[in-house]
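Here's the letter readout for the chains.
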Amino acid sequence: MKKLIKFTSILILSFVIILPLMARTATGENDPAGRIWSQSWSTVNEVAMPITNYGIFGQDVAMDDSGLYWPSGRYNETYIFGAGIWIGGKIDVDGDGDLDTLVSCGYHPNAGTSEMVPGEGTDGPSYTSNENERVYVSTNDWPPKNGDGEIIYDSVVSMEDTYCEFSDMDPSRHFLATNYPLGVKIYLTTYAWVGPLKGNIVFMRYQIENAREDSQAIDSVYMGVAADCDIGNEADEGENSPDDLLGFVDSLNLGYQFQLEPEPDWVNDPGIISFKYMESPLATYPIDKDHDGTPDVLEGEQIGMTTFNRFTLTTDPKNMYERYLVLAGYNHLTYDPNSPELSYSPFPTTADWPGSPGYPGVSESPTVPRDKRFIMASGPFTLEYQDKV
C-alpha cells in the first residue's frame, strides 16, 4: 500500500482556513418553488471538492453522500461528509434596547441542512428560478453574474476559480422561527492550482457583508467553519467510530483531522486533512483572547483563530445560543451564565489532549477516537452596515 503521510486540502482566504458524516439525515436541498439550488465541483488538482450556493461545501449533496476526495481519481477515498460557514452576532431584533444573540449556519452537522439560500434571498420564500445565482466554475462556466444577469468580473486568478453568492435572509429556511436572520450576504470564491504542494490545496475566500434592511451594525461577531470530516466511510460505525482524531497548531492558525487506522478498500493510507486561516477579519477594538485582562490583538490587527472547539454526534450544540458559545470558545455543555469563565476553553490543552506521537501541535490521544466535529472561529468584532469582512 502506498503510504501518504499528509495533505492539506483547503485554505480559506480573507477569512481564511486550510482545509463525510454518518448516514444521518443529510438529504439534498429541494426548493419547492423553483429557486436554483446549485452544486458544482472544483476538480483541477488533486483535491476534488463539491461547492454549493447555499453554504454547504465538501458534501456531495446531489448524491446525499461524502464529497471531498483525495487524491484525484480515488472517488471512494473521501475526507469530508459536510462543512459550512457559521456566523454569529448580536442585534437588537425587537427594538427593546437589548442585544439578541443570533447564529446563521451554513451546515448543521447533525441534520446535514443549511440556513443559507442562493443569491440575496430577499425574494423568498416565494422564490422564482434564477439560473444566474448558480455556482460558477472558470474552466467551463464563466464569468460569474449577479441575480440581475450583470457580470461581476471576468478575470481568472487560478487554474480553476469558482464563485457563488448566498445569504441567510430567508426566515423560512432557518431551523426555528426564533432563529432570525442576521441579515448577511456571503460571497464565496475558491482557487485551485496544480503542481507540488499547491496541487493538494483548495483556497477559499469568504466575504461577509452586513446587508440588514434596518441598517443596524452587527455586534460581537464570530465567524468560522464547522466541519464533519469523517475520513472514509463511517456510515455504519456509530458514535464510537474507531477513527476520528483531532489536532491543532495555534501559532499557525491551523486545525486538522486524522486517523491511525487504514481504510478498507483504499489504495492509500489516510492522509491528514488540514484547515488553516491564511487571513482573518481585522479587529474593530482590542481583543483579550485568553481573558487575562490584557489585550492580545489591537484594533486594526488581524484577529486570527480564536477558538478550535470540538464536539461529537451526541454533544452537537442544539440551538443558536449553544452554537454562539462554541464560536466564542466556551464549553456549551458546562456553561453557567453566572460563572462564564469557568467554561471558557477556546483551545484544548496538552492536559486535555496528551497527543499522538509524530503529530504537530496539540493532538488527541489514540485512546479517544470517536465521531468528531469541530469549529474554527475568529472574533469578536463589529460589522457595520454595508461593511464587508
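Thresholds, definitions, all that
- Residues numbered from 1 in each chain as written.
- Predicted model: local features only at pLDDT ≥ 70, side-chain atom pairs only at ≥ 80, totals over all residues.
- Heavy atoms only, no water.
- Core = buried A, V, L, I, M, F, W, Y, C linked by side-chain atoms within 4.5 Å.
- Buried < 20%, exposed > 50% of the residue type's maximum accessible area, 1.4 Å probe, protein only.
- Helix = DSSP H or I, 4+ residues; strand = E, 2+ residues; numbered from the N terminus.
- Contact = heavy atoms within 4.5 Å.
- Phe/Tyr/Trp six-rings, centres within 6.5 Å; stacked < 30°, edge-to-face > 60°.
- Lys NZ or Arg CZ within 6 Å of the ring centre and 35° of its normal.
- Salt bridge = Lys/Arg side-chain N within 4 Å of Asp/Glu carboxyl O.
- Pairing = 2+ DSSP bridges.
- Polar contact = N/O pair within 3.5 Å; in protein donor to acceptor, adjacent residues only side chain to side chain.

1. Points about the nonpolar core
Reasoning step 1: Counting 67 residues, the largest nonpolar core has Ile87, Tyr206, Ile208, Phe275 and Phe308 as its most contacted members.
Reasoning step 2: With seven residues, strand β14 (residues 218-228) is the single largest residue contributor to this core.
Reasoning step 3: Beyond its immediate stretch of four places on either side in the chain, Ile87 contacts Leu102, Val103, Ser104, Met116, Leu182, Val184, Ile186, Ile208, Val221, Tyr222, Met223 and Leu327.
Reasoning step 4: Counting seven residues, the second largest nonpolar core, distinct from the first, contains Tyr54, Ile56, Val61 and Tyr107.

2. What about the packing of aromatic side chains?
Reasoning step 1: Counted by the stated rule, this structure contains 21 aromatic pairs.
Reasoning step 2: Grouping aromatic residues by their ring pairs yields a cluster made of Phe248, Phe275, Phe308, Phe347, Trp353 and Phe374.
Reasoning step 3: Between Lys388 and the ring centre of Tyr187, over which it is positioned, the NZ or CZ distance is 4.5 Å.

3. Focus: the pattern of salt bridges
Reasoning step 1: As enumerated under the stated definition, the model contains five salt bridges in all.
Reasoning step 2: In this structure, Asp141 engages Arg134 in a salt bridge whose closest nitrogen and oxygen atoms are separated by 2.7 Å.
Reasoning step 3: Across the pair Arg373 and Asp316 runs a salt bridge whose closest N-O atoms are separated by 2.3 Å. Of this pair, Arg373 sits in strand β20 (residues 372-383) while Asp316 is found in the loop between β18 (307-312) and α1 (320-327), placing the two residues 57 residues apart along the sequence.
Reasoning step 4: Through salt bridges with shared partners, a single ionic network connects Asp228, Asp316 and Arg373.

4. Let's talk about the pairing of strand β3 (residues 49-52)
Reasoning step 1: Neither face of β3 is left uncovered, since the one carrying Met49 and Ile51 and the one carrying Pro50 and Thr52 both have all their residues buried.
Reasoning step 2: Relative to β3, strand β2 (residues 39-42) runs antiparallel, the two being bridged by four bridges. Each residue of the ladder has a partner; that of Trp41, found in β3, is Pro50.
Reasoning step 3: Remark: six residues form the turn of the hairpin made by β2 and β3, two consecutive strands paired antiparallel.

5. Some thoughts on α1
Because the α-helix completes a turn every 3.6 residues, residues three or four places apart line up on one side.
Reasoning step 1: For α1, a buried count of six out of eight residues is recorded, marking the element as mostly surrounded by other parts of the structure.
Reasoning step 2: Looking at α1, one finds that the buried residues are Met320, Arg323, Tyr324, Leu325, Val326 and Leu327.
Reasoning step 3: Structurally, the start of α1 carries an N-cap: the backbone nitrogen of Tyr321 is 3.1 Å from a side-chain oxygen of Asn319.
Reasoning step 4: Of the residues flanking the end of α1, it is Gly329, one or two places downstream, whose phi is positive at about 95°.

6. Some thoughts on the environment of Cys105
Reasoning step 1: Within the fold, Cys105 resides in strand β8 (residues 100-105).
Reasoning step 2: Along the backbone, Cys105 and His174 are 69 residues apart, and their C-alpha atoms lie at a distance of 8.5 Å.
Reasoning step 3: Residue contacts for Cys105: discarding those within four places in its chain leaves Ile85, Trp86, Ser114, Glu115, Met116, Phe175 and Arg323.

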